[in-house]
Amino acid sequence: MKQNTAGFFSRHTFSTPEENWNGRFEWYDKMRKTSPITYNEEEKCWDIFLYEDIEAIIKNKEVFSSQRPVQQGEPNILSLDPPRHTQLRSLVSKAFTPRELNLWKPRIEQITENLIDDMKGKTTFDLIKDLAYPLPVMVIADILGVPEEDMGDFKRWSDLLVAGPEDSSAEALQRLQKLRTQSITEMDTYFEEIIKYKRTHPKEDIISILIDAEIEGQKLTDGEIVSFCRLLLAAGNETTTNLIGNTLYGLLEEPSHYQEIQQNPEHITLAIEEGLRYRSPVQALHRIAKEDKEIRGQNIRKGDSVTLWIGSANRDENKFENADQFIINRKPNPHLSFGKGIHFCLGAPLARMEGQIAFEQLTKEFSKVCIPHNFELLPIQSAFVFGLKEFPLEVQEN
């Protein structure tokens, strides 16, 4: 891996798939030890690498703002500060209460069972294409109240929202920005039509709930509803897809781990948390300093951008013993993969439930799976979202 500064990741590109998949963690380790807080001249932002510093910044909403410009449309709740953030979060959180999730559990189990039924009898299958991607998208489609047959568009849109450019050239960045703008326009138009329909045909789904909701006597605008739908679609499926894929990859790097959770299903919960820590689906968060702040002798000025490398915090040896090892029964495991504080991921309980059900049914149906000898890594091309585009597996007989 290139042993350079933060500029390596600022371009969001990687020289090889292996560098994308493994090299970033070597880079995190180097930066934690040599430059835990460093200013990235190229991107004009601060890069933060230590768990202690990242946790403190995430929790300090008074000094570090989540607000940032949006390319198109209304900002979503990830890029809002109180009081508007508090109002919107309180509203949409009603769809993710334990009671609501328990109501969704049978549907998630049925979707998972149907997907795994289609995988039965095969000697090979692609975990991402056959299970890890369609499961959360179908669940999110149900929650939003949109047709499952539009899944192809959902994947195309959400992939572009998190993608990085093909290379470090200005042309590649321009191509990506053009495709992303087009994707957002298509997505927004799609949801605007759905909202228009549901105003006269409401059902028990979150879009209908948001249409009917009021904050301090005012209805949400269509733009605010569209923005939340866009966030839920992209974050809801990308995070869970990569949670499942990254966790199973970690389990299969030491095959006995798969047998461990198969024989002891009660260990699946801890294995999922370790998968979230070891290869976090989201590798970084952003904040803006609202006032001057000194951290470890570095002067962060009001208005400065800050990148919080969650993937590094989760490998910080000051916080996690044997941090560079995948330990399936790690406990406690205070990883930051779902954030913390007021922006803790609303969909975390749903993602965990989907992962739990997926692994329960997968290990029940397939007694032994392994990574093929000719497996070639094909990671997502992004510095901030981490996972595999494809994950082919072989089914072995006992």
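Preceding this section is the structure that the text describes.
What you see is a predicted model; the values in this text were computed from it and never measured.

K.L.:
Would you explain the overall build of the protein chain in this entry?
P.N.:
For the protein chain, the count of helices and strands is 15 helices and 12 strands. Relative to its 398 residues, the protein chain shows a buried fraction of 53%. Residue pairs at least 24 apart in sequence account for 70% of intrachain contacts in the protein chain once pairs closer than 6 positions are excluded. In the form shown here, the protein chain has an accessible surface area of approximately 18,300 Å², with 49% of it arising from carbon and sulfur atoms.

K.L.:
What's the story with helix α11 (residues 222-253) in this structure? I'm lost.
P.N.:
For an α-helix the count is 3.6 residues per turn, leaving residues at separations of three or four pointing the same way. When the terminal C-alpha atoms of α11 are compared, their 46 Å separation across 32 residues agrees well with the 46 Å that a helix rising 1.5 Å per residue should span. Among the 32 residues in α11, 28 count as buried, and that is most of the element.

K.L.:
Is there a simple way to explain unusual backbone geometry in this structure?
P.N.:
One can expect most non-glycine residues to show negative phi and most peptide bonds to be in trans. A cis amide bond, omega 0°, links K331 with the succeeding residue P332. Secondary-structure assignment places P332 in the loop between α14 (310-313) and α15 (348-365). Positive phi, close to 55°, is recorded for K44, a residue that is not glycine. Position of K44 among the secondary structure elements: in the loop between β1 (37-40) and β2 (45-48).

K.L.:
Can you walk me through the pairing of β1 in this structure?
P.N.:
The side chains of a regular strand alternate, residue by residue, between the two faces of the sheet. With 4 bridges connecting them, β1 and β2 associate as antiparallel partners. Note that in β2 the partner of N40 across the bridge is C45.

K.L.:
Would you mind showing me how to read the sheet that holds strand β11 (residues 369-370) here?
P.N.:
If you trace the 3 strands from one edge of the open sheet to the other, you get β4-β12-β11, paired in antiparallel fashion. One side of each edge strand has no neighbouring strand; the edge strands of this open sheet are β4 (124-126) and β11. Examined bridge by bridge, β4 and strand β12 (residues 392-395) share 3 bridges and lie antiparallel to one another. What sits directly across from D126, in β12, is P392.

K.L.:
Sorry if this is basic, but what is going on with helix α9 (residues 170-200) here?
P.N.:
The end-to-end C-alpha distance of α9 is 46 Å, a good match for the 45 Å that 31 residues give at a rise of 1.5 Å each. A172, L176, R180, S183, I184, M187, D188, Y190, F191, I194, I195 and K198 are the residues of α9 that are buried.

K.L.:
I keep staring at the packing of α11 against α15 and nothing clicks. Help me out?
P.N.:
The geometry of α11 relative to α15 is characterised by a closest axis approach of 9 Å and an angle of 45° between their N-to-C directions. The orientation of α11 relative to α15 falls into the category oblique. Handedness of the α11/α15 crossing: right-handed. On α15, the residues touching T240, L243, I244, T247, L248 and L251 of α11 are A351, E354, G355, A358, F359 and L362. Looking at the contact of α11 with α15 residue by residue, the classes come out as 8 nonpolar, 3 polar and 1 charged.

K.L.:
Please explain the sheet that holds strand β3 (residues 64-65) as it appears in this structure.
P.N.:
Within a sheet, each strand pairs with its neighbour through backbone hydrogen bonds, oriented either parallel or antiparallel. The 5 strands lie next to each other as β1-β2-β10-β7-β3, forming an open sheet whose pairing is mixed. A strand with exactly one partner marks an edge of an open sheet, and here the two such strands are β1 and β3. Sheet topology places strand β7 (residues 284-289) next to strand β10 (residues 305-309); 5 bridges connect them, and they run antiparallel. Bridge pairing links H286 to T307 in β10. Sheet contacts for helix α3 (residues 51-59): β1, β2, β3, β7 and β10; angle to β10, the most-contacted strand, approximately 125°.

K.L.:
When you look at the pattern of salt bridges in this model, what are you seeing that I'm missing?
P.N.:
Where side chains of opposite charge bring their charged atoms close, a pairing between them can arise. One pass over the structure, following the stated rule, counts 25 salt bridges. Taking the shortest distance from any N to any O, the salt bridge between E62 and K61 comes out at 3.2 Å. Across the salt bridge formed by E274 and R330, the nearest N and O atoms sit 3.0 Å from each other. With a gap of 56 residues between them, E274 in helix α13 (residues 268-278) and R330 in the loop between α14 and α15 connect regions that are remote in the sequence. If you follow the salt bridges from partner to partner, you end up with D29, R32, K33 and E317 in one network.

K.L.:
Even after reading the chapter, I still don't get the packing of aromatic side chains, so can you show me in this structure?
P.N.:
What characterises a pair of aromatic rings is the spacing of the ring centres plus the angle enclosed by the ring planes. Evaluation of the coordinates by the stated rule reveals 21 aromatic pairs. On the numbers, 5.8 Å between centres and 75° between planes, the contact of Y51 with F320 is edge-to-face. Of this pair, Y51 sits in helix α3 while F320 sits in the loop between α14 and α15, and the two are 269 residues apart along the sequence. Taking relative accessible area as the criterion, F320 reaches 2% and is therefore assigned buried. Aromatic pair Y190 and F191: ring centres 5.3 Å apart, planes at 80°, arrangement edge-to-face. Of the two residues, Y190 and F191, neither departs from the other in class, the shared state being buried. The structure contains a cluster of three or more aromatic residues connected by ring pairs, namely W21, F25, W27, Y28, F49, Y249, W309, F375, F384, F386 and F391.

Conventions adopted
- Residues numbered from 1 in each chain as written.
- Predicted model: local features only at pLDDT ≥ 70, side-chain atom pairs only at ≥ 80, totals over all residues.
- Heavy atoms only, no water.
- Helix = DSSP H or I, 4+ residues; strand = E, 2+ residues; numbered from the N terminus.
- Buried < 20%, exposed > 50% of the residue type's maximum accessible area, 1.4 Å probe, protein only.
- Contact = heavy atoms within 4.5 Å.
- Areas by Shrake-Rupley, 256 points an atom, 1.4 Å probe, with all protein chains shown as cover.
- Expected span 1.5 Å × (residues − 1).
- Pairing = 2+ DSSP bridges.
- Axes fitted to C-alpha atoms, helices over the stretch in contact; angles between N-to-C directions.
- Parallel < 35°, antiparallel > 145°, perpendicular 65-115°, else oblique.
- Left-handed = near helix turned anticlockwise from the far one by under 90°.
- Nonpolar A, V, L, I, M, F, W, Y, C, P; charged D, E, K, R; others polar.
- Salt bridge = Lys/Arg side-chain N within 4 Å of Asp/Glu carboxyl O.
- Phe/Tyr/Trp six-rings, centres within 6.5 Å; stacked < 30°, edge-to-face > 60°.

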